[in-house]
There are 2 protein chains.
Amino acid sequence: MDIKDRVRNKALHAKIVSAEEAATVIKPGMNIGTSGFTPSGYPKAVPLALAERIKKEHFQINLWTGASVGKELDGALAAVNGINKRLPYQTNNEIRKSLNSGGVKYCDLHLSHTAQMSRYGFLGGKVDVAIIEACAITEEGHIIPTTSMGNSASFVQSADIVIVEVNTSQPLALEGMHDVYIPLDPPHRLPIPIVKADDRIGTPYIPCGLDKITYIVPCDIRDDVRDLAAIDDDARAMSALFIDFLKKDIKAGRMPKGLLPLQSGVGSVANAVVSGFAESEFTDLEVYTEVIQDGMLDLADVGKLKSASGTSFSPSPAGLERFYQNIDTYRKIMMLRPQEIANSPEIARRIGVIAMNTAIELDIYGNVNSTHIMGTKMMNGIGGSGDFARNAYLTCFFSTSTAKNGAISSIVPMVSHVDHTEHDVDIFVTELGVADVRGLSPKERARVIIENCAHPDYKPMLMDYLERAEKATKCAQTPHILTEALSWHTRFIETGTMKKQ
Amino acid sequence: MDIKDRVRNKALHAKIVSAEEAATVIKPGMNIGTSGFTPSGYPKAVPLALAERIKKEHFQINLWTGASVGKELDGALAAVNGINKRLPYQTNNEIRKSLNSGGVKYCDLHLSHTAQMSRYGFLGGKVDVAIIEACAITEEGHIIPTTSMGNSASFVQSADIVIVEVNTSQPLALEGMHDVYIPLDPPHRLPIPIVKADDRIGTPYIPCGLDKITYIVPCDIRDDVRDLAAIDDDARAMSALFIDFLKKDIKAGRMPKGLLPLQSGVGSVANAVVSGFAESEFTDLEVYTEVIQDGMLDLADVGKLKSASGTSFSPSPAGLERFYQNIDTYRKIMMLRPQEIANSPEIARRIGVIAMNTAIELDIYGNVNSTHIMGTKMMNGIGGSGDFARNAYLTCFFSTSTAKNGAISSIVPMVSHVDHTEHDVDIFVTELGVADVRGLSPKERARVIIENCAHPDYKPMLMDYLERAEKATKCAQTPHILTEALSWHTRFIETGTMKKQ
Ligand SMILES: CC(C)(COP(=O)(O)OP(=O)(O)OC[C@H]1O[C@@H](n2cnc3c(N)ncnc32)[C@H](O)[C@@H]1OP(=O)(O)O)[C@@H](O)C(=O)NCCC(=O)NCCS
Ligand SMILES: CC(C)(COP(=O)(O)OP(=O)(O)OC[C@H]1O[C@@H](n2cnc3c(N)ncnc32)[C@H](O)[C@@H]1OP(=O)(O)O)[C@@H](O)C(=O)NCCC(=O)NCCS
């Protein structure tokens, strides 16, 4: 394929090489920092070529990305056992299997922390090679990113070697959608000058320069975007309950009338909640989030979206088509920022986002597990949920009241792993109701959570645990019977259900 | 006592009343927001009078402070069962007993969150009455605070009724030490304009105004400051290990040569670590912390302290004397800010603090318990530890390797309560060594923590657990045997020791 018109500086044409040739600069043990956040905007050709090399030469690299990426990167490298350490987030089946069986070493990080930790040298050296997917390269040698920003800009800044994959499947019309700002590091850092969700503070390209680009590689493989699960009754119920809750909070004077910028996590439930706003009375909605999904296109299409800022555009295949067809319209109100800015605690707290994320399980005292199935097996990772949950104006976690056809209660006596503590949550929503735990002590929280959110099959069991734990501890601050606190999980592991038989 | 010269506007003299009279405005069920952070700068006369009233009239109020306060407030009100809900932090024996036995409802909050949550209306209504200790009241009716800032400014802003306790035991020379800034709330909030630890951004008084002051009460009771435990060998060892670690990190290019602003937690170990810097080669130290303790006076006295910013000045009795004698010198480099600013995630991350806090226990995977003894009994509260740990440049937790004369290992298979997750910690220090877990996966962390920090009595037991858990889970991301994970705690509860007998 011809990428010469996308490589706008003629002198750079000499640096165009095949993926195979570019991949040869990668040495065993190197830290490879790539673009990509969700299956969007990740490099494809060079990783596939690298996987081929590894298949023959048997070595490993450390893979640092924005977040999860597509199968041509995570999948291909995992399949040839090419990854030693992986960070900061993944959702790939091969990697998940490997990291849960002593293979890939997985360092699960807050997504806002990753770029600065890499610059500080905290992750085991700095980025050796950056591989960045681009729409185009400017006359000055700066990089126009594609469907995600992630950590690309910081990785380019730090890397000795920069490989740019110019992807012809990515429309040039993406140019202008990005806002690239890299903070200085302490003691020189300044306030990030965003005060409204849609403020532009940086450049529409990743600063790089002619000299810094080592190789340019053509690619035409499309983002491996996935279908979202259809919005089911449970998701619809949660969405309706949450919107109703917000209306009441506005009435009570606890929430500004025009709401505040919405942040919504990845996945189907989050997408459903956002879609729910399209049918609500709310207008002029602002979104300050990590991932822009189909739900936000819905909001835009009904004219209710004022602006959406994220670090990745991650639609379904149908959503991607819809986006491409009206890209000039969407681009006016959508913006992609580095995840260090999209997930910035400073900004989340300043503009006061409404944070909506999904939990694997929560406990009666309000602690949340977002990552570990039965306390041991990694699902995906904490992602940006902590960046937002800790710093939001209002922090909400969603979960259906049960999992695995009712064999698991999503509300347990004690979570088997903690990602978000009782200090970081305001509201829980299941398909059955809303638990508002703001300003409550643990024993008060427990009653509200059990009463409003737990499934009837598990409610009496949870109340029974709470009351016996209160008795056993003489009503300590957080009553637990330690010999029993994790017994729901062990019962599930042993019998296939948390129910008593 | 005569406070007329401290109440600089003559028209206000008519509002001077006895503590008893002022206390009559307090009605059952009210939210009372007071000054005070550690046993420093809290109101004394009105709370004592309120306690007397409650003894006769039997009612309860909700008590919101900066953090812990002295016995004339927490102690006196708890003794008459006068507190319904208490937030955001406490260290008082009476309250601790009550909240651990079903009495006081205790809502343990991140200290940087409290003021904004109170303004948002998230804590069960707003502040009804603010009771603020002052050095003096200005001509314009603004309040000069004393030895702490805490949440005073925000409480004054929100309250309908403001009672000012003018305390003649607090030297007027404190005037000028405060820097009061209250952020606007979303969607109007702006960047907090601090870029260096000692930047001044506000007023030297709490904005109030003549009309807003309801009563002025004279008081001469001194802050109930406490002796710190003497610096013992363990604390000295941890301090030396940590300073040595910092030197190596500077050499490795991971830390700026001149260090970054220090934050140190409350208590003896934290104080010892700060004192350790006085004997180190480091100079021109900056402190951006919550509580200014004796250790910082030591630094100042040897000329190594460039500046110290905190929200409370909390010395020992001897430290307080030392401070009073040289107040004009100390005041030039010391500053008290509202805790919303002192503990601000935005600032901690921007200026890049080195966060040094103490843990009750940690687990082999790096999760930290700062609050709950054996997972159930509240010790103090999370305080500001989460504000700093999550946002620091470098996050360090200190703990001796054992507690209760070796019967408890501070490093356990699974912590019985989580306040700080594996995502929020960089370095652990016990008297035996330093575990640097930056960029490590859980199974790597476990080996470093056990090897470098655990007590020899418990090392083989911890390694045995890790290896068996790996086997049982086939090397999952975070190996645990759930039936055994909390068994060290239950063994201690049953047998008085975590050792196997
Ligand atoms: C928590 C999270 C895994 C939920 O994802 P989801 O797609 O909404 O959840 P699902 O209901 O499909 O559950 C995913 C799997 O976990 C299982 N599961 C759900 N709850 C469970 C529980 N309490 N115990 C055990 N397994 C559970 C489901 O059965 C499903 O298993 P399967 O894949 O074998 O079918 C996902 O939101 C996540 O990774 N979050 C962390 C990162 C994050 O929040 N990012 C956004 C920040 S901006
Ligand atoms: C964690 C914290 C309690 C440690 O305080 P400390 O004074 O350094 O600790 P000590 O070693 O004196 O321990 C306090 C008590 O806990 C007990 N303890 C310590 N470790 C324990 C463990 N692993 N299991 C059970 N008890 C333990 C001690 O024996 C002691 O008990 P005692 O009062 O009956 O003698 C204290 O730092 C705290 O409250 N931290 C949370 C708030 C915070 O970090 N604030 C600063 C933020 S800026």
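Residues numbered from 1 in each chain as written. Chains lettered and ligands numbered in written order. Predicted model: local features only at pLDDT ≥ 70, side-chain atom pairs only at ≥ 80, totals over all residues. Heavy atoms only, no water.

What should I look at first to understand the UniProt feature "binding site: CoA" (unreviewed entry) in chain A in this one?
All names here are of chain A. As recorded in UniProt, the feature "binding site: CoA" (unreviewed entry) lies at Gly265, Val266, Gly267, Ser268, Val269, Ile360, Asn380, Gly384 and Lys404. Annotated residues spanning 140 residues; largest pairwise C-alpha distance 25.5 Å, indicating distribution over more than one region. Positionally, Gly267 belongs in the loop between β10 (262-264) and α8 (268-278). Since its relative accessible area comes to 27%, Gly267 is described here as partly exposed. When neighbours within four sequence positions are excluded, Gly267 is seen to be in contact with Leu228 and Gln293. Relative to the elements of secondary structure, Asn380 occurs in the loop between β20 (377-378) and α14 (385-391). For Asn380, a relative accessible area of 18% puts it in the buried group. When neighbours within four sequence positions are excluded, Asn380 is seen to be in contact with Tyr89, Gln90, Thr91, Arg96, Tyr106 and Thr371. Engagement of the side chain of Asn380 in a polar contact is seen with the side chain of Arg96, the distance being 2.8 Å. (UniProt positions renumbered as here; feature names shortened; annotations may be inferred. Helix = DSSP H or I, 4+ residues; strand = E, 2+ residues; numbered from the N terminus. Buried < 20%, exposed > 50% of the residue type's maximum accessible area, 1.4 Å probe, protein only. Contact = heavy atoms within 4.5 Å. Polar contact = N/O pair within 3.5 Å; in protein donor to acceptor, adjacent residues only side chain to side chain.)

Is there a simple way to explain the relation of the copies chain A and chain B in this structure?
Turning one copy of the chain about an axis and sliding it along that axis gives the other copy, so a rotation and a shift relate them. Of the two same-sequence chains, chain A is brought onto chain B (RMSD 0.0 Å, axial shift 0.0 Å) by a rotation of 180°. Considering both components of the superposition, the chain copies are consistent with a two-fold axis. By C-alpha distance to the rotation axis, the residue of chain A lying nearest is Glu346 of chain A, at 2.3 Å. Taken as a fraction of all interface residues of chain A, those also at the interface in chain B reach 100%, which identifies the copy contact as same-surface. (Least-squares fit on C-alpha atoms with pLDDT ≥ 70 in both.)

Teacher, can you tell me more about the interface of chain A and chain B here?
Reports often express the size of an interface as the amount of accessible area lost when the parts come together. The interface is formed by 83 residues belonging to chain A together with 83 residues belonging to chain B. Note on chain A versus chain B: buried area summed over both sides is about 6700 Å², and carbon and sulfur give 55% of it. The tally of links between chain A and chain B comes to 4 salt bridges. The partner of Glu346 of chain B in a salt bridge is Arg350 of chain A, and the shortest N-O contact between them spans 3.1 Å. Run the count over chain A and chain B and you get 38 residue pairs in polar contact (both at pLDDT 80 or more). With 5 residues, helix α13 (residues 345-351) of chain A is the largest single contributor of residues to the side of chain A that touches chain B. (Buried area = accessible area lost by both parts, 1.4 Å probe. Salt bridge = Lys/Arg side-chain N within 4 Å of Asp/Glu carboxyl O.)

Teacher, can you tell me more about the domain arrangement of chain A here?
All names here are of chain A. Domains assigned within chain A are domain 1 (3-219) and domain 2 (233-495). Inter-centroid distance (C-alpha atoms) of domain 1 to domain 2 is 29 Å. The interface is formed by 52 residues belonging to domain 1 together with 45 residues belonging to domain 2. The interface formed by domain 1 and domain 2 holds 2 salt bridges in total. The residue Arg119 makes a salt bridge to Glu340 at a minimum N-O spacing of 2.6 Å. At the boundary of domain 1 and domain 2, one finds 32 residue pairs in polar contact (both at pLDDT 80 or more). When contributions to the side of domain 1 that touches domain 2 are tallied by element, the ones reaching two or more residues are α4 (93-99) and α5 (114-120). Per-element accounting of the side of domain 1 that touches domain 2 gives the leading share, 4 residues, to α5. Residues belonging to the side of domain 1 that touches domain 2 are distributed by class as follows: 22 nonpolar, 20 polar and 10 charged. (Domains from an automatic or database assignment. Nonpolar A, V, L, I, M, F, W, Y, C, P; charged D, E, K, R; others polar.)

I tried to follow the site of ligand 2 on my own but got confused; where do I start?
All names here are of chain B. Taken together, the neighbourhood of ligand 2 is formed by 22 residues, with Gln263, Glu290, Ile360, Asn380 and Lys404 sitting nearest. Asn380 places a side-chain nitrogen or oxygen 2.6 Å from an oxygen atom of ligand 2. In this structure, Lys404 approaches ligand 2 through a side-chain N or O atom, which is 3.0 Å from an oxygen atom. Computed on the free molecule, ligand 2 has an accessible area of 970 Å², of which 74% lies beneath the protein chains in the complex. (Near = heavy atom within 4 Å. Areas by Shrake-Rupley, 256 points an atom, 1.4 Å probe, with all protein chains shown as cover.)

Whenever I open this one, unusual backbone geometry confuses me. Can you help?
Where the residue is not glycine, phi is negative for most of them; where a peptide bond is considered, it is trans in most cases. The omega torsion of the bond from Pro186 of chain A to Pro187 of chain A falls at 5°, within 30 degrees of zero and hence cis. For Pro187 of chain A, the position within the fold is in the loop between β8 (161-167) and β9 (213-219). For Asp284 of chain A, which is not glycine, the phi dihedral falls at a positive 55°. The topology assignment puts Asp284 of chain A in the loop between α8 and β11 (285-288). Despite not being glycine, Lys404 of chain B shows a phi value in the positive range, around 50°. Here Lys404 of chain B shows up in the loop between β22 (402-403) and β23 (408-409).

Would you explain the packing of helix α15 (residues 442-453) of chain B against helix α16 (residues 459-472) of chain B in this entry?
How two helices sit against one another is set out by the angle between their axes and by the gap between those axes. Residue and element names in this part refer to chain B. One way to put it is that α15 packs onto α16 with a least axis distance of 10 Å and a crossing angle of 165°. Taken together, the axis directions place α15 and α16 in an arrangement best described as roughly antiparallel. Handedness of the crossing formed by α15 with α16: left-handed. Counting all contacts with α15, which are made through Lys443, Ala446, Arg447, Ile450 and Glu451, the residues of α16 involved are Lys459, Leu462, Met463, Leu466, Glu467 and Glu470. Its residues assigned to classes, the contact of α15 with α16 shows 5 nonpolar, no polar and 6 charged. (Axes fitted to C-alpha atoms, helices over the stretch in contact; angles between N-to-C directions. Parallel < 35°, antiparallel > 145°, perpendicular 65-115°, else oblique. Left-handed = near helix turned anticlockwise from the far one by under 90°.)

Looking at this structure, how should I read the nonpolar core?
Judged by nonpolar contacts, the single largest core of 154 residues is most densely connected at Phe242 and Phe277 of chain A together with Phe242 and Phe277 of chain B. Setting aside anything within four residues of it in sequence, one finds Phe277 of chain A in contact with Phe242, Ile243, Leu246, Leu259, Leu262, Phe282, Leu285, Leu299, Lys304 and Met356 of chain A. Counting 74 residues, the second largest nonpolar core, distinct from the first, contains Leu482 and Leu486 of chain A together with Ile408 and Val425 of chain B. (Core = buried A, V, L, I, M, F, W, Y, C linked by side-chain atoms within 4.5 Å.)

Teacher, can you tell me more about the pattern of salt bridges here?
All names here are of chain A. Following the criterion strictly, the structure yields 66 salt bridges over all chains and no others. Lys71 is the partner of Asp224 in a salt bridge, and the nearest nitrogen-oxygen pair spans 3.3 Å. You can see Asp224 sitting in the loop between β9 and α7 (233-251) and its partner Lys71 sitting in helix α3 (residues 71-79), a full 153 residues away along the chain. The partner of Asp233 in a salt bridge is Arg236, and the shortest N-O contact between them spans 3.7 Å. One end of the pair is Asp233 and the other is Arg236, both in helix α7 and 3 residues apart, which spans about a single turn. Overall, Asp233 belongs to the exposed group, its relative accessible area being 61%. In this structure Arg236 comes out as partly exposed when scored by relative accessible area, which is 48%. It is possible to trace a salt-bridge network through shared partners that takes in Lys71, Glu72, Asp224 and Arg226.

Quick question: what am I supposed to make of helix α2 (residues 45-57) of chain A here?
Side chains that are three or four residues apart share a direction in an α-helix, a result of its 3.6 residues per turn. All names here are of chain A. Its 13 residues give α2 an end-to-end C-alpha distance of 18 Å, which sits within 8% of 18 Å, the value for a rise of 1.5 Å per residue. Those residues of α2 not exposed but buried are Ala45, Val46, Pro47, Ala49, Leu50, Ala51, Arg53 and Ile54. Following α2 by one or two positions, His58 has its phi on the positive side, about 55°. (Expected span 1.5 Å × (residues − 1).)

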